[in-house]
Amino acid sequence: MEGWDRVGRWSGYGAALALAPYALIKVSWVVGALLGVAPVGGGFNLAGWLLLNTVTIGMAASGIALGLALVRPWGMRIPGRPVAFCAWVGSGFLVSILPYAVFSTLWDGGGDGGDGDSASRDDPAMPGWEAALIQFSFVSMGLGLAFALPAYLRRRWPEAFTGRAGGGPRTVASWSAGVAAAVGLVWLYWAAGGTAGVAHPGERSTDGYLLTGLSAFWALAGSAAVLALVRTRPARVPRPLLLGLGWLGSGSLFAWSGWKLPFTVYVALARPADVTLPESPAVAAVLHLAAVMAGLGMLRMLVSPARTCTSSSRRTRRSRGAGRARCSWGWSRR
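Structural notes, computed from the coordinates. The structure presented is a predicted model; accordingly, all values stated were derived computationally and were not measured.

Rules used throughout
Residues numbered from 1 in each chain as written. Predicted model: local features only at pLDDT ≥ 70, side-chain atom pairs only at ≥ 80, totals over all residues. Heavy atoms only, no water. Helix = DSSP H or I, 4+ residues; strand = E, 2+ residues; numbered from the N terminus. Buried < 20%, exposed > 50% of the residue type's maximum accessible area, 1.4 Å probe, protein only. Contact = heavy atoms within 4.5 Å. Areas by Shrake-Rupley, 256 points an atom, 1.4 Å probe, with all protein chains shown as cover. Core = buried A, V, L, I, M, F, W, Y, C linked by side-chain atoms within 4.5 Å. Polar contact = N/O pair within 3.5 Å; in protein donor to acceptor, adjacent residues only side chain to side chain. Phe/Tyr/Trp six-rings, centres within 6.5 Å; stacked < 30°, edge-to-face > 60°. Patch = residues over 30% accessible without salt bridge, like charges linked within 9 Å, V, L, I, M, F, W, Y side chains within 5 Å. Salt bridge = Lys/Arg side-chain N within 4 Å of Asp/Glu carboxyl O. Axes fitted to C-alpha atoms, helices over the stretch in contact; angles between N-to-C directions. Parallel < 35°, antiparallel > 145°, perpendicular 65-115°, else oblique. Left-handed = near helix turned anticlockwise from the far one by under 90°. Nonpolar A, V, L, I, M, F, W, Y, C, P; charged D, E, K, R; others polar.

Next up on the list: the overall build of the protein chain. What the protein chain contains, in helices and strands, is twelve helices and zero strands. Mapped in sequence order, the helices and strands of the protein chain form the string α-α-α-α-α-α-α-α-α-α-α-α. Within the protein chain, the fraction of its 334 residues that count as buried is 46%. A separation threshold of at least 6 residues defines the contact pool for the protein chain, and within that pool the share at least 24 residues apart is 78%. As displayed, the protein chain has an accessible area near 16,100 Å², and 66% of this comes from carbon and sulfur atoms.

This brings us to the environment of leucine 220. For leucine 220, the location among the structural elements is in helix 8 (residues 206–229). Given a relative accessible area of 27%, leucine 220 falls into the partly exposed group. Between the alpha carbons of leucine 220 and valine 183 there is a distance of 8.4 Å; along the sequence they are 37 residues apart.

Take the nonpolar core next. Judged by nonpolar contacts, the single largest core of 44 residues is most densely connected at Leu70 and Trp247. Among the secondary structure elements, those contributing two or more residues to this core are helix 1 (2–35), helix 2 (46–69), helix 3 (80–94), helix 6 (128–156), helix 8, helix 9 (239–270) and helix 10 (281–303). Ranked by size, the runner-up nonpolar core spans 22 residues in total, among them Ala219, Leu242, Leu243 and Ala294.

By the secondary structure assignment, lysine 26 is in helix 1. A distance of 2.8 Å separates the side chain of lysine 26 from the side chain of asparagine 53, its partner in a polar contact.

Time to look at the packing of aromatic side chains. Within the structure shown, the criterion is met by nine aromatic pairs. Residues tyrosine 22 and phenylalanine 138 carry aromatic rings whose centres are separated by 5.0 Å and whose planes lie at 50 degrees to one another, so their mutual orientation is tilted. In this pair, tyrosine 22 sits in helix 1 while phenylalanine 138 sits in helix 6, placing the two residues 116 residues apart along the sequence. Where phenylalanine 93 meets tryptophan 256, the ring centres are 5.1 Å apart and the plane angle is 80 degrees; that geometry is what we call edge-to-face.

Another point: a nonpolar patch on the surface. Taken together, the side chains of Val27, Val31, Leu34, Leu35 and Val37 define a hydrophobic patch exposed on the protein surface, amounting to about 500 Å² of accessible area. Summarising the element assignment, leucine 34 is placed in helix 1. Assessed through its relative accessible area of 57%, leucine 34 is described here as exposed.

A word on the packing of helix 8 against helix 9. Relative placement of two packed helices is described by the angle separating their axes and the distance separating the axes. Between helix 8 and helix 9, whose axes approach to 7 Å, the crossing angle comes to 135 degrees. Relative to helix 9, the element helix 8 lies oblique. Classified by chirality, the crossing of helix 9 by helix 8 is left-handed. Taking contact as the criterion, the partners of Trp218, Ala219, Ala221, Gly222, Ala225, Val226, Ala228 and Leu229 in helix 8 are, on helix 9, Arg239, Leu242, Leu243, Leu245, Gly246, Leu248, Gly249, Ser252 and Leu253. Within the contact of helix 8 with helix 9, the residues separate by chemical class into twelve nonpolar, four polar and one charged.

Right, dumping it as structure tokens:
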């Protein structure tokens, strides 16, 4: 694993470096808007533009810090919970969207992008080189996390990657996988052209279909992976694969729906004249809320001590009468 670990470390540095142009562009937008020398993005007033870009500057700074934490020695010493949570959200945002970057480039959907920066990327005042740098930052950060994060997790919590899936007890938290599957099926129905719950079919675009279909894939794949991890009968699938699918599926549900939910609620309540969602805002808001809750529930299942303790740890616990066994993610101890 030494070669894989080396690749992971270089990928972490590359991820942090790749996100720097995005952060600098965002800072320039905020400063330019305050000084009145840079345009405000379409569909925003000055306050909304400053708020959106300030939030994304903070997210970019967190992403840079995360990339460094995955490779620097201090990243192994800081508490595991915040690192794992930030890595979960970051990979849910960026790693899960990598297939869309490939498909949208090949198909040249070129439309609405579907994320919080879509309005700014579609603004005609934005130079093409800025759009290219932003896309480069997102794709490179996602690729960097895809290699750096597994290497870090394996170094810090190696027990999570041993053995096969299955054999764990079913828990009440399994509802989350069912909710994720239901949300994923609705999204799959929309991606296939279904119109129930769609208020404005004419607002749909190729990008919208791609993003909805990709969201459906991660919701369904993550749900299936989590259910396989809690099966009483061991599955014939390696644990790392199921952990990866469950991690990315739950992270995608939480990150993207958590990002879209406030915007959808705003559209539903304020009904701005220059913003029209294809889906009914009320239906979309309910789905996003369900996706956020399902993602959190699936994460809880993935990091639950009852789920991730190895068989040897459980035997040690019974034989020694010790307290909590050392579990795969190790949140109880480090």
